[in-house]
Amino acid sequence: MELATIRAERSKWMEWKNIAPIRQALDELPQVDATYTLSDTVKVASGETVDTAVIEKAARMMMPWRKGPFDLFGLFIDTEWQSNLKYNFLRPHFNLRGKKVADIGCNNGYYMFRFLEDSPAKVVGFDPSALFKSQFDLINRYVKSDIVYELLGVEHLPFYEEKFDTIFCLGVLYHRSDPIAMLKALRQGLEENGEVYLDTFIIEGEEPVALCPQESYSKITNVYFVPTLKALENWCYRAGFKSFEVLGTVVTTSEEQRKTDWIESQSLEDFLDPDDSSKTVEGYPAPVRGYIRIKKG
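Keep in mind that this is a model prediction, so the values were computed, not measured.

Brief notes about the overall build of the protein
Of the regular secondary structure elements, the protein holds nine helices and 15 strands. Structurally, the protein occupies a C-alpha span of about 60 × 50 × 35 Å along its principal axes. Taken across its 297 residues, the protein has 54% of its residues classed as buried. A separation of at least 24 residues holds for 70% of the contacts in the protein among residues at least 6 apart in sequence. In the structure as shown, the protein presents an accessible area of about 13,400 Å², 47% of it carried by carbon and sulfur atoms. In the protein, 35 side chains carry a positive charge and 45 a negative one; their mean positions are 5 Å apart.

Listed below in structure tokens is the structure:
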């Protein structure tokens, strides 16, 4: 697979009619000497006076903002997901110091910015979205990190120019119609002793089975399989991983996912049965996430 050709083709995505105005607005933003703080909110500040109105105008052109939150010179971007909750759940389980790290489905880079706390050797994000790349570029305009953002997907990982010590794949597996093939791609992207941190929808049960929604799950049309933990474990072993560790399971609540004026669309409360929050609107079990660490060797 010729990644240079794919990169060249996808760079042209920035010229799409819905993206080009966003890129122009980005280019016209002020250059500011800034510092950043990495905590629950990725915060950028400056000793200078900053016109946040022009930054807000550009940021709102990039809606919806899914992952965060961010604070740009006092402009608070209240994202749909309080991604700090997921990050803080996983944080005790990893140490990225000096490691090559990839984030598959990195969205706007919230987790990648948080990874900088650990002083990794390199951070690379994979996400084929011109909109999310633009959100990342807005934040990184002021953070000025060395994070690499690739407009590539998990299918390109086996052909990437380098392998990774640690890969994060959070909220992606259920979007793939062939989850074992995806897990194999993740394994191929690892160094020999590499590990993957995986987060995906699961259902309760002891049997190695998976829910296969007919049309949608929690109003998400591209959810193909929601496995039990045992089924997920079997997928991982079939993909060639040697260990499977459950770090925990978490019920998704409105504390973590909710509608804000930075998305202008529905969110969790609209995806659940209004009379029984233990079920989705389709009648399936409500979203529960399994957090897993799997290792190549």
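Still to come is the rest of the account.
Let's talk about the sheet that holds strand 7 (residues 148–150)
Read from one edge of the open sheet, seven strands run 7-6-5-8-9-15-12, paired in mixed fashion. With partners counted over all chains shown, the strands left at the sheet margins are strand 7 and strand 12 (243–251), one partner each. Within this sheet the neighbouring strands show an average axis-to-axis angle of 15°, counted without direction. Of the strands in this sheet, strand 9 (190–202), strand 12 and strand 15 (288–295) are in contact with helix 8 (residues 229–238), which crosses strand 12 at around 145°.

So, the sheet that holds strand 3 (residues 70–72)
Pairing in this open sheet of four strands is mixed, and the strands run 1-2-3-4 from one edge to the other. What marks the edges here is a single partner per strand, and that holds for strand 1 (35–38) and strand 4 (75–77). On average, each strand axis in the sheet is tilted by 15° relative to the strand beside it, whichever way the strands run. Bridge count for strand 1 against strand 2 (residues 42–45) is four bridges, and the pairing is antiparallel. Bridging across to strand 2, T35 finds its partner in A45. Packed onto the sheet, helix 3 (residues 52–61) meets strand 3 and strand 4 and runs at close to 20° relative to strand 4.

Quick look at the nonpolar core
Counting 52 residues, the largest nonpolar core has I55, W65, F113, F115 and L138 as its most contacted members. Among the elements that take part in this core, helix 6 (residues 130–143) stands out by supplying eight residues, more than any other. Look past the residues within four positions of F113 in its chain and what remains in contact with it is L38, V42, F70, N108, F136, I139, N140, V143, S145 and I147. Ranked by size, the runner-up nonpolar core spans 30 residues in total, among them I104, F164, V172 and L190.

Concerning the side chain of T252
Looking at the element boundaries, T252 is found in the loop between strand 12 and helix 9 (268–271). Not counting chain neighbours up to four residues away, the residues in contact with T252 comprise W81, Q257, L268, P287 and R289.

Regarding the side chain of Q135
Looking at the secondary structure, you find Q135 in helix 6. Taking the relative accessible area as the measure of exposure, Q135 reaches 0% and is therefore buried. Apart from the residues within four sequence positions on either side, Q135 is in contact with M62, P64, W65, N107 and N108.

Some words on the environment of T260
Along the chain, the position of T260 falls in the loop between strand 12 and helix 9. Among the residues examined, T260 registers a relative accessible area of 9% and is labelled buried. Apart from residues no more than four positions distant in its own chain, T260 is found in contact with D78, T79 and E80. A polar atom in the side chain of T260 sits 3.0 Å from the backbone nitrogen of W262.

The rules behind the values
- Residues numbered from 1 in each chain as written.
- Predicted model: local features only at pLDDT ≥ 70, side-chain atom pairs only at ≥ 80, totals over all residues.
- Heavy atoms only, no water.
- Helix = DSSP H or I, 4+ residues; strand = E, 2+ residues; numbered from the N terminus.
- Buried < 20%, exposed > 50% of the residue type's maximum accessible area, 1.4 Å probe, protein only.
- Contact = heavy atoms within 4.5 Å.
- Areas by Shrake-Rupley, 256 points an atom, 1.4 Å probe, with all protein chains shown as cover.
- Lys, Arg positive; Asp, Glu negative; His and termini not counted.
- Charge placed at Lys NZ, Arg CZ, Asp CG, Glu CD.
- Pairing = 2+ DSSP bridges.
- Axes fitted to C-alpha atoms, helices over the stretch in contact; angles between N-to-C directions.
- Core = buried A, V, L, I, M, F, W, Y, C linked by side-chain atoms within 4.5 Å.
- Polar contact = N/O pair within 3.5 Å; in protein donor to acceptor, adjacent residues only side chain to side chain.

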